[in-house]
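# A structural walkthrough
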Amino acid sequence: MLEYLQQTWPTLWPTLAAIGVILAFVPVLGLYMTFIERKLAAYVQDRVGPNRVGPFGLFQAIADGIKIFLKEQVIPDHVFKFLYFVAPSFSLMTAMFALVVMPFGPVPTDYKEGFRYIVAPGIDIGIMMMIAISSLSAYGIILGGWASNNKYSLYGAIRSCAQFISYEIPLGLSIIGVIAAAGSLNIEQIVANQGGAFWNWNIFWQPLALLVFFTSALAETNRLPFDLPECEQELVGGFHTEYGGIKFVLFFLAEYTHVVTVSFLTALLFFGGWHFPGLTGPVDSSLFGMLLRAFVLVFKVCMVVVFIMLLRWSLPRFRFDQLMGLAWKGLIPLGLLNLLCVAVVLTLDLPKHLLAFTALFLFVGSLISARHLQSTINRPRSEGRAILPEGSI
Amino acid sequence: MTTKKTKTIKWGEEPKLGWKEAMYLPAIAGGLATALKHMFTVKTTTRQYPEVEPTIPQNYRGVHRLNRDEEGRVKCVACYMCQTACPANCIEIIAAPAPKDDPYWKDRDKFPETFTIDELRCIYCGMCEEACPVDAIELTSIYDLTGFTRQELIFDKEKLLSVYDETSKTGKDPVRTNRGELGPAAEEAKTASQGPLPPGRGTPG
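### Section: the confidence of the model for chain A
Any region with low pLDDT has predicted coordinates that should not be read closely. Looking at chain A as a whole, the pLDDT averages 80, with 87% of positions reaching at least 70. Of all the helices and strands in chain A, strand β1 (residues 385-388) of chain A carries the lowest mean pLDDT, 54, while helix α10 (residues 245-269) of chain A carries the highest, 87.

See the structure below:
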């Protein structure tokens, strides 16, 4: 046993260290993202946000954390005890499990021993595993809704289930183009493929894929424009109505972990990962180069996170039929269209920046379907008439 | 039966979506632009309350005070008008005959031995100051009334007089004070200033 450990130690310790980094950072990140989100929301709404605890309210996150841990654990009588406790932890577990193949810093494609900013370097099914695991996160929500033994929670969970199933299709479709271009499922390989000048980044020749990917990934995180599983007006609190204290926070943490995952994926797959004008080419393994590249990646991720938060405070929510309509009538056709174009360009060996014109397809397609969308997305079954109180018009 | 009602219903059309809205993207860009514009607006609408206190209008109905006359005595003549007018029954007065041999009280018949207001029961309607014939009770603009016990917030005569001292010192007199006497009896006293003043009412200052 000891001998086996000694043998595997050189490959074991970088993995353990990376796991440690993820385990340490995810809760802190979750706490501080709530803080940043609150501040950002405040700025967007012309307020000042939390500013009481510590300088600029910086310790608010810590105070929140302490408060959450000290809260009373209320367990309603009518819940299924076992599933009730399993659901939040399962939710967070799947969210963190998806981070296993996620490089959070530069990883050279020729993997050598030593710390490499990733738990499992050189995994050849990388992105596939990521999608598979993130699909599992629907389980946490559904379990939570079911265990709550409460019809509103269950409705929320069912909605979320439908949403996850619908949006996984465009998510996969948009990634296939990227995978096909890189010729690998390995995330490090995909990033290395964008390693040249910055116009080699996937966004510049697959903008349509980015749009489809980002929209459906946002839906997978259950965040605001798509936060149908939780809805105060219709569903009380949605799937977490019966959850309080630390159990609720685990759900919350899972949501923020998803946001981080999505931001990392967006940065890695479409924005060139750790590459930057002046930082091109393969990764050199000097400490400074590594840190600089890690900084570039984290910077890009932060930009995406801020963008996601801004979206939350600028968009109204979707109605459920609009949500489904967007996925099935909007994103899936666009994803297929994009895939077709990528296939044509790659097969005929055309200059790949021709693909950027797929964005044009988006506009033309939208123009054509605008009339159709008007009658179907906005007005589902009613004849476009509503009962208005007297004197309102 | 119900068909009668339908005549009053007006049918309205939903606003139609143009191609811009149906495409989502231009609309989203517009929303983001609005959010960003507000994000970089320095001016906030938040009030930094405990640090910066708001200016309360002088006709605000806050904590009561019992006014003093120019000799420093309590202005109240213990007529029970406010106690009678109070809809919340929060005022309790016990009157006592003024000591006639004391030169300090020589122009008074009665004075309040105790004057208690339960600030927790009070609904701050201002009826007491409307009712007061001598403008002795007034509502100040003090709004941040707090205490650790209920007993603390039952104000007696000394406490109410101290509220007067405090507010008149800091210049936070209610607007009525600055406007002169407003009680009906006080008005009458002004018009009938040729005659002798009714007992218990000092000359207006």
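Moving on from the coordinates now.
### Let's talk about the nonpolar core
Looking at soluble globular proteins, one finds that nonpolar side chains tend to be buried together. If you look at the biggest cluster of nonpolar residues, it comprises 80 residues, and the most contacted ones within it are Tyr167(A), Ile175(A), Phe213(A), Phe226(A), Leu265(A) and Leu269(A). With 11 residues, α10(A) is the single largest residue contributor to this core. If we ignore the near neighbours within four places in the chain, the residues touching Phe226(A) are Gln163(A), Tyr167(A), Thr215(A), Leu218(A), Ala219(A), Phe318(A), Leu323(A) and Leu326(A). In terms of nonpolar packing, the next biggest core, distinct from the first, is built from 29 residues, Leu66(B), Val77(B), Cys82(B) and Leu161(B) among them.

### Quick notes on the sheet that holds strand β3 (residues 91-97) of chain B
All names here are of chain B. Strand order across the open sheet formed by 3 strands is β3-β4-β6, with antiparallel pairing between neighbours. Whereas interior strands pair on both sides, the edge strands pair on one side only; in this sheet they are β3 and β6 (154-155). Here β3 runs beside strand β4 (residues 110-118); their pairing, made up of 7 bridges, is antiparallel. If you follow Ala 95 over to β4, its bridge partner there is Pro 112. Those strands touched by helix α6 (residues 157-169) are β4 and β6, and its axis lies near 85 degrees from that of β4.

### Examining the packing of helix α3 (residues 81-97) of chain A against helix α4 (residues 126-147) of chain A
Residue and element names in this part refer to chain A. At a minimum axis distance of 8 Å, the contact between α3 and α4 shows a crossing angle of 165 degrees. Relative to α4, α3 is oriented roughly antiparallel. Once α3 is placed against α4, the crossing between them reads as left-handed. Judged by residue contacts, Leu 83, Tyr 84, Val 86, Ala 87, Phe 90, Ser 91, Thr 94 and Phe 97 of α3 engage Met 129, Ile 133, Leu 136, Ser 137, Tyr 139, Gly 140, Leu 143, Gly 144, Trp 146 and Ala 147 from α4. For the contact of α3 with α4, the class distribution of residues is 13 nonpolar, 5 polar and no charged.

### Observations concerning the environment of Ala217(A)
Residue and element names in this part refer to chain A. Here Ala 217 is to be found in helix α8 (residues 207-220). Residue classification places Ala 217 among the buried residues on the basis of a relative accessible area of 3%. Separated by 28 residues in the primary sequence, Ala 217 and Gly 245 place their C-alpha atoms 28 Å from one another. With near-sequence residues (within four places) excluded, Ala 217 lies in contact with Leu 171 and Val 262.

### Observations regarding the environment of Leu12(A)
Residues and elements named next belong to chain A. Following the sequence through the fold, Leu 12 ends up in helix α1 (residues 2-44). Residue class for Leu 12 comes out partly exposed when judged on its relative accessible area of 29%. Spatially, the C-alpha atom of Leu 12 lies 9.9 Å from that of Val 119, the residues being 107 residues apart in sequence.

### With respect to the pattern of salt bridges
Inspection of the entire model under this criterion finds 8 salt bridges over all chains. With a shortest N-O distance of 3.4 Å, Asp64(A) and Arg38(A) are connected by a salt bridge. Of this pair, Asp64(A) sits in helix α2 (residues 60-70) while Arg38(A) is found in helix α1, placing the two residues 26 residues apart along the sequence. The closest approach of N and O atoms between Asp165(B) and Arg68(B), which form a salt bridge, is 2.9 Å. Pair noted here: Asp165(B) is in helix α6 and Arg68(B) is in the loop between β2 (64-66) and α4 (81-85), with a separation of 97 residues, a long-range link. You can call Arg68(B) partly exposed: its relative accessible area is 24%.

What counts, and where the lines are drawn
- Residues numbered from 1 in each chain as written.
- Chains lettered and ligands numbered in written order.
- Predicted model: local features only at pLDDT ≥ 70, side-chain atom pairs only at ≥ 80, totals over all residues.
- Heavy atoms only, no water.
- pLDDT = per-residue confidence, 0-100.
- Helix = DSSP H or I, 4+ residues; strand = E, 2+ residues; numbered from the N terminus.
- Core = buried A, V, L, I, M, F, W, Y, C linked by side-chain atoms within 4.5 Å.
- Buried < 20%, exposed > 50% of the residue type's maximum accessible area, 1.4 Å probe, protein only.
- Contact = heavy atoms within 4.5 Å.
- Pairing = 2+ DSSP bridges.
- Axes fitted to C-alpha atoms, helices over the stretch in contact; angles between N-to-C directions.
- Parallel < 35°, antiparallel > 145°, perpendicular 65-115°, else oblique.
- Left-handed = near helix turned anticlockwise from the far one by under 90°.
- Nonpolar A, V, L, I, M, F, W, Y, C, P; charged D, E, K, R; others polar.
- Salt bridge = Lys/Arg side-chain N within 4 Å of Asp/Glu carboxyl O.

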